[in-house]
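Fold and contact review
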Amino acid sequence: MKKPGCRALAAAAAAGVFLTGCTDMGWLPPNLNGAYGDTVDELYYKIMVVVAVTFFLTEGLLIYSIVRFRAASGRRAIYSHGSKKTELLWSIVPGFILLWLALVQKDAWFHIKSEFPKESEAVAVQVMPEQFAWNFRYPGADGAFGTEDDLLELNNLHVPVGKNVVTRMSSKDVIHSFFIPLLRVKQDVLPGMMTRAWFRADKIAVWNLKTHKIEYLTLADFDARKVAFPASTDRAGFVGPRYGVRNAATGVFIPNDQPGGKRKNGARDIDYEPPRDKEGGTAVGKKIPIAHRGKIEDRPWEEAEYVHHPLDLACAELCGLQHYRMRGMVWVEPEYLFRNWLEERERSRAQYLEEYGESPFLAAPKWQKVWDGIHAEYNGAFR
Amino acid sequence: MSAYEHAEHIHAPPTTFFYKYVWSTDHKVIAKQYLFTAFFFLALGGLLAMVIRWQLAYPFEPLPLIGSLLKNTFVFDSAGSVRPEGFNQLVTMHGTIMIFFVIIPILVGAFGNFLIPLHVGARDVAFPILNALSYWLFLPAGVILFASFFVHEGPAAAGWTAYPPLSDLGPAATPGSGTGQVLWLVAIFLLGFSSILGGLNFLTTIIKMRAPGLTWSRLPLVTWAQFVTAIFQTLATPVLASATVMLLSDKLLGTSLFLPAGIHLTGDEPVAATGGGHPLLWQHIFWFYSHPAVYILILPGMGIASDLIATFARKPIFGYTAMVTSLVGIMGLGFIVWGHHMFMSGMSPAVGMAFMTSTMLIALPSGVKVFNWLGTLWNSSIRFTVPMLHALSFVALFIIGGLSGIYMAATPVDIFIHDTYYIVAHFHYVVFGGTLFAVFGGLTFWFPKMFGREMNRKWGFVHWLLTFVGFNAAFFPMHFLGEAGHMRRISTPTEYDFLGHLQPMNEWISWSAFLLGAAQLIFLVNFFGSMGKGRKSEANPWKSNTLEWSTASPVPFHNFDRIPTVYRGPYEYSSSAADGRGDWAPQDAPPDGRGHPAAH
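Parameters at a glance
Residues numbered from 1 in each chain as written. Chains lettered and ligands numbered in written order. Predicted model: local features only at pLDDT ≥ 70, side-chain atom pairs only at ≥ 80, totals over all residues. Heavy atoms only, no water. Helix = DSSP H or I, 4+ residues; strand = E, 2+ residues; numbered from the N terminus. Buried < 20%, exposed > 50% of the residue type's maximum accessible area, 1.4 Å probe, protein only. Contact = heavy atoms within 4.5 Å. Areas by Shrake-Rupley, 256 points an atom, 1.4 Å probe, with all protein chains shown as cover. Pairing = 2+ DSSP bridges. Axes fitted to C-alpha atoms, helices over the stretch in contact; angles between N-to-C directions. Buried area = accessible area lost by both parts, 1.4 Å probe. Salt bridge = Lys/Arg side-chain N within 4 Å of Asp/Glu carboxyl O. Polar contact = N/O pair within 3.5 Å; in protein donor to acceptor, adjacent residues only side chain to side chain. Domains from an automatic or database assignment. Nonpolar A, V, L, I, M, F, W, Y, C, P; charged D, E, K, R; others polar. Patch = residues over 30% accessible without salt bridge, like charges linked within 9 Å, V, L, I, M, F, W, Y side chains within 5 Å. Expected span 1.5 Å × (residues − 1). Bend = angle between axes of the 7 residues up to and from the residue. Parallel < 35°, antiparallel > 145°, perpendicular 65-115°, else oblique. Left-handed = near helix turned anticlockwise from the far one by under 90°. Phe/Tyr/Trp six-rings, centres within 6.5 Å; stacked < 30°, edge-to-face > 60°. Lys NZ or Arg CZ within 6 Å of the ring centre and 35° of its normal.

Looking only at helices and strands, chain A features eight helices and 19 strands. Across the 383 residues of chain A, 50% fall into the buried class. Long-range contacts, defined here as pairs at least 24 residues apart, represent 64% of the contacts in chain A between residues at least 6 apart. Carbon and sulfur atoms form 56% of the exposed surface of chain A, whose accessible area is close to 17,300 Å².

Now for the sheet that holds strand β14 (residues 269–273) of chain A. All names here are of chain A. The strand order across the open sheet built from three strands is β13-β12-β14, with neighbouring strands paired in antiparallel fashion. The sheet terminates laterally at β13 (253–255) and β14, the two strands that pair on one side only. Across the sheet, the mean angle from the axis of one strand to that of its neighbour is 60°, orientation sign disregarded.

This paragraph deals with the interface of chain B and chain A. Of the residues lining the interface, 116 residues belong to chain B; the matching set on chain A comes to 96 residues. Both faces combined, the contact of chain B with chain A buries some 9,100 Å², and carbon together with sulfur accounts for 68% of it. Taken together, the connections running from chain B to chain A amount to two salt bridges. Residue R489 of chain B is joined to E317 of chain A by a salt bridge in which the shortest nitrogen-to-oxygen separation is 4.0 Å. Our count for the chain B to chain A interface comes out at 28 residue pairs in polar contact (both at pLDDT 80 or more).

Our next topic: the domain arrangement of chain A. Residues and elements named next belong to chain A. Domain assignment breaks chain A into domain 1 (4–67 + 83–113) and domain 2 (122–203 + 311–380). With 14 residues of domain 1 in contact, the opposing surface of domain 2 contributes 14 residues. With both sides pooled, the region where domain 1 packs onto domain 2 buries about 1,200 Å², and carbon together with sulfur makes up 53% of that total. Counting the contacts that link domain 1 with domain 2 gives one salt bridge. Two residues, R184 and D41, come together in a salt bridge whose shortest N-O distance is 2.8 Å. Secondary structure elements with two or more residues in the side of domain 1 that touches domain 2: α2 (37–68) and α3 (84–113). In terms of residue count, α3 provides more of the side of domain 1 that touches domain 2 than any other element does, three residues in total. Considered class by class, the residues forming the side of domain 1 that touches domain 2 number seven nonpolar, five polar and two charged.

On to the pattern of salt bridges, then. Tallied over the full model, the rule gives 31 salt bridges over all chains. Between D497 of chain B and R327 of chain A there is a salt bridge, with the nearest N and O atoms lying 3.0 Å from each other. Separated into two different chains, D497 of chain B in the loop between α15 (457–483) and α16 (503–533) and R327 of chain A in the loop between β18 (311–315) and β19 (328–333) make up a pair that spans both. As far as the burial class goes, D497 of chain B and R327 of chain A line up, both buried. Residues joined by salt bridges that share partners form a network here, namely K226, K295, E297, R299 and E303 of chain A.

Time to look at a nonpolar patch on the surface. Residues and elements named next belong to chain A. Taken together, the side chains of L89, V93, I97 and W100 present a nonpolar region at the surface, about 370 Å² in accessible area. Here W100 is to be found in helix α3. For W100, a relative accessible area of 40% puts it in the partly exposed group.

So, about the side chain of Q131 of chain A. Mapped onto the elements of the fold, Q131 of chain A is located in the loop between β1 (123–130) and β2 (133–138). Within the structure, Q131 of chain A has its side chain in polar contact with the backbone oxygen of C319 of chain A (distance 2.8 Å). A polar contact is formed between the side chain of Q131 of chain A and the backbone oxygen of A173 of chain B, at a distance of 2.8 Å. Contact partners of Q131 of chain A, with chain neighbours within four places excluded, come to D173, V174, H176, C319 and G320 of chain A together with L166, A172, A173 and L265 of chain B.

Structurally, A310 of chain B is set in helix α9 (residues 279–313). Aside from chain neighbours lying at most four places away, what touches A310 of chain B is K315, I317, T376, Y571 and Y573 of chain B.

Here we come to unusual backbone geometry. In this chain, G240 of chain A is followed by P241 of chain A through a cis amide linkage whose omega measures 5°. Relative to the helices and strands, P241 of chain A is located in strand β12 (residues 239–246). With an omega dihedral of 5°, the bond running from P164 of chain B to P165 of chain B counts as a cis peptide bond. Examined against the element boundaries, P165 of chain B turns out to sit in the loop between α6 (128–147) and α7 (179–208). One non-glycine residue with positive phi stands out, namely N72 of chain B, at about 60°. Considering the arrangement of structural elements, one finds N72 of chain B in the loop between α4 (66–69) and α5 (84–120). Although it is not a glycine, N559 of chain B adopts a positive phi angle of roughly 70°. Counting through the fold element by element, N559 of chain B comes out in the segment after α16. Residue N559 of chain B is classed as buried on the basis of its relative accessible area, which comes to 0%.

Turning next to the pairing of β14 of chain A. Residues and elements named next belong to chain A. Of all the five residues making up β14, four are buried; the element is thus mostly covered by neighbouring parts of the structure. Sheet analysis places β12 next to β14, joined by four bridges and oriented antiparallel. Across the sheet, residue V239 finds its bridge partner in β14, namely E273.

Before going further, it helps to spend a moment on the sheet that holds strand β6 (residues 176–180) of chain A. Residues and elements named next belong to chain A. Ordered by their spatial adjacency, five strands build an open sheet running β4-β19-β18-β6-β7, and the pairing between neighbours is mixed. Sheet topology places β4 (156–160) and β7 (185–189) at the edges, where each strand pairs with a single neighbour. Neighbouring strand axes in the sheet, compared pairwise and without regard to direction, differ in orientation by 20° on average. Sheet analysis places β6 next to β7, joined by five bridges and oriented antiparallel. Looking across to β7, one finds that F178 is bridged to Q187. Contacting β4 and β19, helix α5 (residues 335–356) runs over the sheet at an angle of about 135° to β4.

Turning to the domain arrangement of chain B, a few remarks are in order. Residue and element names in this part refer to chain B. The domains assigned to chain B are domain 1 (30–260 + 273–297) and domain 2 (540–600). The interface of domain 1 with domain 2 comprises 19 residues on the first partner and 20 residues on the second. Carbon and sulfur atoms supply 58% of the area buried between domain 1 and domain 2, which totals about 1,400 Å² over both sides. In terms of surface lost to domain 2, no three residues of domain 1 exceed L118, R123 and R218, which account for 48% of the buried area on that side.

Looking now at α3 of chain A. All names here are of chain A. If you check α3, its first and last C-alpha atoms are 42 Å apart, about what 30 residues at 1.5 Å a residue would give, namely 44 Å. Helix geometry: α3 is bent most strongly at K106, by close to 35°. Residues E87, W90, P94, G95, L98, L101, A102, Q105, A108, W109, I112 and K113 constitute the buried set of α3.

Another point: the packing of α9 of chain B against helix α10 (residues 320–334) of chain B. Residue and element names in this part refer to chain B. α10 packs onto α9 with a crossing angle of 170° between their chain directions and a minimal axis gap of 10 Å. In terms of axis orientation, α9 runs roughly antiparallel to α10. The residues of α10 that touch α9, namely those facing H291, P292, Y295, L299, M302 and S306, are M323, L327, I330 and G334. Residue composition of the contact of α9 with α10, grouped by class: seven nonpolar, three polar and no charged.

Residue and element names in this part refer to chain B. Interhelical geometry of α9 versus helix α11 (residues 349–377) gives an angle of 15° and a closest axis separation of 10 Å. Judged by the inter-axis angle, α9 sits roughly parallel to α11. The element α9 and its partner α11 pack so that their crossing is left-handed. Contact residues: α9 offers Y295, M302, A305, S306, I309, A310 and A313, while α11 offers I362, S366, K369, W373, T376 and L377. Looking at the contact of α9 with α11, its residues break down into nine nonpolar, three polar and one charged.

Moving on to the packing of aromatic side chains. The full count for this structure, using the stated rule, is 85 aromatic pairs over all chains. Ring geometry for F288 of chain B against W338 of chain B: centres 5.4 Å apart, planes inclined by 75°, an arrangement best described as edge-to-face. Of this pair, F288 of chain B sits in helix α9 while W338 of chain B sits in the loop between α10 and α11, and the two are 50 residues apart along the sequence. Consider the rings of F432 of chain B and F471 of chain B, whose centres lie 5.1 Å apart with planes at 35°: the pair is tilted. Taken as a pair, F432 of chain B in helix α14 (residues 421–451) and F471 of chain B in helix α15 lie far apart in primary sequence, 39 residues in all. Every member of this aromatic cluster is reached through a ring pair, and the members are W27 of chain A together with Y429, F432, F437, F461, W464, F468, F471, F475, F476 and F480 of chain B. Sitting over the ring of Y58 of chain B, K264 of chain A keeps its end group 5.0 Å from the ring centre.

In structure tokens:
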């Protein structure tokens, strides 16, 4: 590197790589998808390196030129129409880099969008969004969709940790987009056609009752901890998630239905409240289901270290007036909790059948009629 | 006297107000008609953006002053807070107005009309009456779109992309999907015709009416950019016009071209008159036009920046041929990249792969242009005039907008950032950071030719500075929002746990946007103030080479006393041809070195 130009080039490239690292200030949300989430993030950073080097090189040259070649008395620009060699160089090199960037995406792209796991070996879920809710259908004990033992769930998607999940999706009305940011999953869902997505969640979201923060635990860590559940789920437990304002210094939480519980910019903190007694006070020593070492036992709530917390499911496609409220919840849980949940849903379905003489799922939701009327051929594939 | 001059027929200028300012066939007046109409829409679209930013910073908090003035409308509720459906309508109309009624009319309608005849040395465009008709189709389109604000349930709410079924199913799907959406479609249809007529006119003018000696290799790059843009307009816009007719047919005639069977909104039965259609059909047709439209939004800006950079760097454009080749390359590739907007639509992954490759490749000609602008600045002698500051900002910001596009081209990465604020940051860096800076630079540069006066330089500098700072403060953090997964069209990000920590950034962006909006008032005051009170300009205040600077300021009705003869390229600065004249060599100055009238 004898020429100053080469040194400048090398310095800019090094600065680019260094600053690329600095600019990754953790804006990407945590990545829980063990199937291909890391690949997506790695490709993102690969592009970021190329982009950062180019950015610092070009902006650096621009700033240098602005300073170095500003007009001054007696200075006259050097008359030149350019240099064919230079132009060839800066056409061919970027051309190859861009082609390389396209090629390195190929395998990941086909892996994510074409190479679906065998549905018989995965957890299969049918998804039918509508204005403004997410409908999920599980195949029930017979493993087939469109039969009487199908299980339906509204807005809550339960998936076992470490196991592939395949979703088959079709919209009931307008175009929606199935977006789970922490799993790097996004797929438009259209009426009249079926689209698919798949993922494998390798970590479980929980709320740390001491630090008041969301954490993501591996299955082994989850099993080693004592994890309670929100009362809003089928299992009794902590009240929440509640939203409001937490005082950073004192840790005191004010719910948003009380004075001082709202910020003007809408930013809100999360909290879970211990179980209440009949008078509305804290039910000291009350036993609630707590997961620990692979089983659920009723224990005093004070023993709990964490509360199971859902991941956000969002619709990324403008879908109508309450588009912003297309929030669903994804409950990543150990296999035994997932099975436990399925059994619980099955029990409640059977109970409804016994009391009212018909399945709540086949009779009530219209979307099932839509799916089975139009997409019956997609049911069979799951068998 | 040349054969050219023998053939020409010079009309007397109109004398009545109606023919002078209303039904004028003078390309310069029509350019100003487009410009002033677009200014109105720029103010309107900008105000909508301010309301959008208020909602994102302070969800459902009453908007001071405006909220109370406009309460109980489609946007605001009785407390003066933005309604959720109103937010969707604001987003839709902001995008529609800025793209179709501000950027394209200014770049093509105003700059194209004003500059093309002057740059080719003609007295007007090839078809002046058709030119007037173009504007008079554009204006009703704007009026119709504006009227949609006042219909029951307000304007369209399905996004500027108007994806069916949301845009197709009527108010049952979303408020604004009824009359508002119909008016939107009629407006875009009319606008499409205006655009096609304008494109044909410009193509004919550039091909057939170039002055003697004005070969293709001597055309200013801004005119080359208009030429390529006109090809886009002529070939791509009819596809959009067809799409609007098809969607209108669904909405008004009961067809179901975009509606599959079995759509259920409310009630037990499927929506009537559905079946046989497909929503993806609209997306393909729409983006077949609208991706070329992205280049319609940027190519003329690139041309303007090229002219300004060469003029104020006092140096020929580095690699003129490569610059023209890049424009043509962008045009060719621009027709085969539309599918990158649909990577997540359910389109075949193999097709997605093909679109990814073509999209990666289209970055190449844009990159070549950037390198050539940098090459032009190298060993130059830069004058930091207000137009040049805007042109340099264009380059700096276009680099960012161009580079961020690579992320979206990469299909696996796009899975995460698709429909997030990353996209919002990207296209604002291209369309605002790129194009609008070029527009500000171009307006300041050619203001003397338009009005015979100069804009105030001090206020021009203040406007540039505040705009540059405000723009970057508002739009650069949006990359981080997108990286965090913030969806682009939600009115209330605080509904989601994973977005909660981003709210202070949303607040910062909004206040930066308010600064950016306020800075534009300075521009408007300077612009209109200088029309009447600006310093009178000489014919060639910037010592520029292209033909428009050889005639008086403001340009007379017939443009040139004599049709000029062109002797050289447009960027012969600091060359030997300039000897005895300074450092510029007007295109029509004879090569024997004799002085040029405009130089004195």
